[in-house]
Amino acid sequence: MKLAASLVLGVVLSSHAGATAPAGAHPARVRAAAAQAAKPEAPPAATSPALPPVTPPGATPPAPGPGELDTTTTLPPPSSAAQQLYSSAQADLLQIRMLLKNGRTQSTVGSGFLVGTSNLVLTNYHVVSQMALDPEVYAGEYVDTNGEHGPVELLAVDVLHDLAVLRVNRNGTGFFIVPEKPVKLIQGQDLYSLGNPLDLGFAISEGAYNGVVSRSFYDQLIFSGPINSGMSGGPSVTSSGTVAGINVSKRRDGEAVSFLVPVGYAQELLRRVAKQRAAPKDFNPLIAEQLLAHQRAMVGRLLDSPLSIKNMGPYRVPVRESGQVRCWGRSNAMADVSFSSDTLNCAMESAIYVSDNQQTGQVAMSHQYLRSMSLHPLRFAALASSQFGLDRLGRTRDVRLTGPLCSERYVRTNSLPLRAVTCVRAYRKFPGLYNFTLLTASTDDAQASLQSRLDVSGVSYDNGMRVARAFLNALGRSGKLQ
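Residues numbered from 1 in each chain as written. Predicted model: local features only at pLDDT ≥ 70, side-chain atom pairs only at ≥ 80, totals over all residues. Heavy atoms only, no water.

J.: Mind showing me how you'd approach the overall build of the chain here?
T.: Within the chain, the secondary structure is distributed over eight helices and 26 strands. Considering the chain as a whole, with its 482 residues, one finds that 55% of them fall into the buried category. Put simply, 67% of the contacts in the chain that link residues at least 6 apart link residues at least 24 apart. Carbon and sulfur atoms form 52% of the exposed surface of the chain, whose accessible area is close to 20,700 Å². (Helix = DSSP H or I, 4+ residues; strand = E, 2+ residues; numbered from the N terminus. Buried < 20%, exposed > 50% of the residue type's maximum accessible area, 1.4 Å probe, protein only. Contact = heavy atoms within 4.5 Å. Areas by Shrake-Rupley, 256 points an atom, 1.4 Å probe, with all protein chains shown as cover.)

J.: What am I meant to see in the sheet that holds strand β22 (residues 405-412) here?
T.: Each strand in a sheet pairs with another by means of backbone hydrogen bonds, the pair being arranged parallel or else antiparallel. Read across the sheet, seven strands follow the order β17-β18-β21-β25-β24-β23-β22 without closing on themselves; strand pairing throughout is antiparallel. What marks the edges here is a single partner per strand, and that holds for β17 (325-331) and β22. With strand direction ignored, the average angle separating the axes of adjacent strands in the sheet is 10°. As defined by bridge partners, strand β18 (residues 340-348) adjoins strand β21 (residues 362-371) across eight bridges and the pair is classed as antiparallel. Bridge pairing in β21 links T343 to Q368. Strands in contact with helix α7 (residues 377-388) are β21, β23 (417-426), β24 (434-442) and β25 (448-459); relative to β25, the strand with the most contacts, it is inclined by about 10°. (Pairing = 2+ DSSP bridges. Axes fitted to C-alpha atoms, helices over the stretch in contact; angles between N-to-C directions.)

J.: Help me understand the state of the cysteines, please; the structure alone is not making it clear to me.
T.: What makes a disulfide is a covalent bond joining the sulfur atoms belonging to two cysteines. Enumeration according to the criterion identifies two disulfides in this entry. Put simply, C406 and C423 are joined by a disulfide, and their sulfur atoms are 1.9 Å apart. Looking down the S-S bond of the C406 and C423 bridge, the torsion is 110°, so its handedness is right-handed. Of this pair, C406 sits in strand β22 while C423 is found in strand β23, placing the two residues 17 residues apart along the sequence. Cysteine pairing for the chain, with bonded cysteines counted in sequence order: 1-2, 3-4. (Disulfide = S-S within 2.5 Å.)

Written as structure tokens, this is what we have:
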């Protein structure tokens with residue numbers, strides 16, 4: 001029997017006392033999966049795949065999180081051109097604060113700006129995510145450069161591009177122009193990013209446009225200039241004040257390598273706001289809809305062609321190398337150990353920010369080839385078991401996910417017998433979305449082991465199944481042990 005036909009995946013209801021099933025879970029699917037899952041249950045849940053070293057500089061404090069990047073970098077003194085631009089723009093710059101409703105204490109801080117002469121404010125979704133996800137706990141307010149403050153109303157969010165639109169009780173002067181048509185930029189063109197870095201006060205940062213990020217699922221602009229924590233949601237403009245992008249993130253491992261959301265995405269969000277009659281009372285269904293749209297595009301792109309196959313000793317392993325997914329490998333060949341280990345890891349370099357403790361919309365694959373000619377088979381079996389990592393599944397707790405349901409089977413592809421463990425977790429606030437983790441280990445040799453892992457976050461149940469089947473069916477063996 002082919003492995004795809006024998007894979008058992010469980011839909012999660014709950015693993016915590018008193019917890020309830022996520023709204024919208026399909027009852028028939030839950031019953032069918034539970035009926036099939038009369039198999040040994042693995043320990044709780046999968047850890048998330050490693051995220052790339054790009055995170056929003058957004059709101060400060062707390063740390064770590066989207067607001068916590070490099071707090072030691074200071075902005076250089078502005079040029080005379082930057083000083084003149086800031087002088088003209090400062091009236092329309094805002095600091096956006098998230099406050100605990102109970103006690104009105106500050107939780108996070110970001111930036112925003114008034115659009116034209118309207119009372120609409122553009123900022124990042126991650127700056128206002130607490131208010132969007134938990135409006136009963138958090139509220140928002142703005143503070144302008146004169147120290148005046150007032151409430152903010154959340155009108156719309158675009159989670160995929162990290163944008164939000166707010167409404168406030170004052171109007172802009174018209175300085176920040178969000179053009180109707182796309183902004184054409186030239187490599188090296190001067191740009192100026194504005195915001196409130198490190199909650200120290202409003203500032204301007206000079207830099208240059210240096211192209212579009214090629215390894216992001218959605219376009220981002222490269223800004224060669226410093227964007228510090230707290231500047232998220234602020235505008236990045238040309239010398240004339242035309243908004244080219246919205247500050248969103250920076251590289252932790254780079255020097256003055258920052259990123260902007262292209263203004264085109266903001267233009268589309270503003271058009272949506274103009275058409276809506278009223279702001280949504282509950283943003284969670286809207287966020288779920290956007291995440292479902294993303295996972296359809298992500299899985300479609302991942303599986304639009306067969307996975308690439310690489311050889312690890314006598315084994316064949318699947319990978320996906322593309323503009324969004326990068327692979328790297330390592331070996332302990334030079335180490336003085338009694339066994340050899342080669343590893344291959346592939347992961348998407350971007351993820352969708354949902355909250356401080358939840359990023360989603362990502363795929364990661366890893367393979368480890370272990371072998372030893374000196375270890376006794378029993379000692380090698382103990383080594384392979386310790387490397388399998390089953391006991392480490394589920395150590396990461398996330399209140400926004402249900403506990404995992406895991407199933408284990410011994411199966412066989414066309415050319416390779418495998419031990420396969422699959423764990424699935426459901427999103428509590430976003431019905432129809434799941435995280436899948438699949439672990440496999442070859443069982444064809446007493447002194448060699450191929451161990452593989454697949455992590456897919458923020459996918460529908462059917463698409464999680466599709467990716468898992470494609471991954472499993474691509475595992476195989478092609479030759480003798482080396």
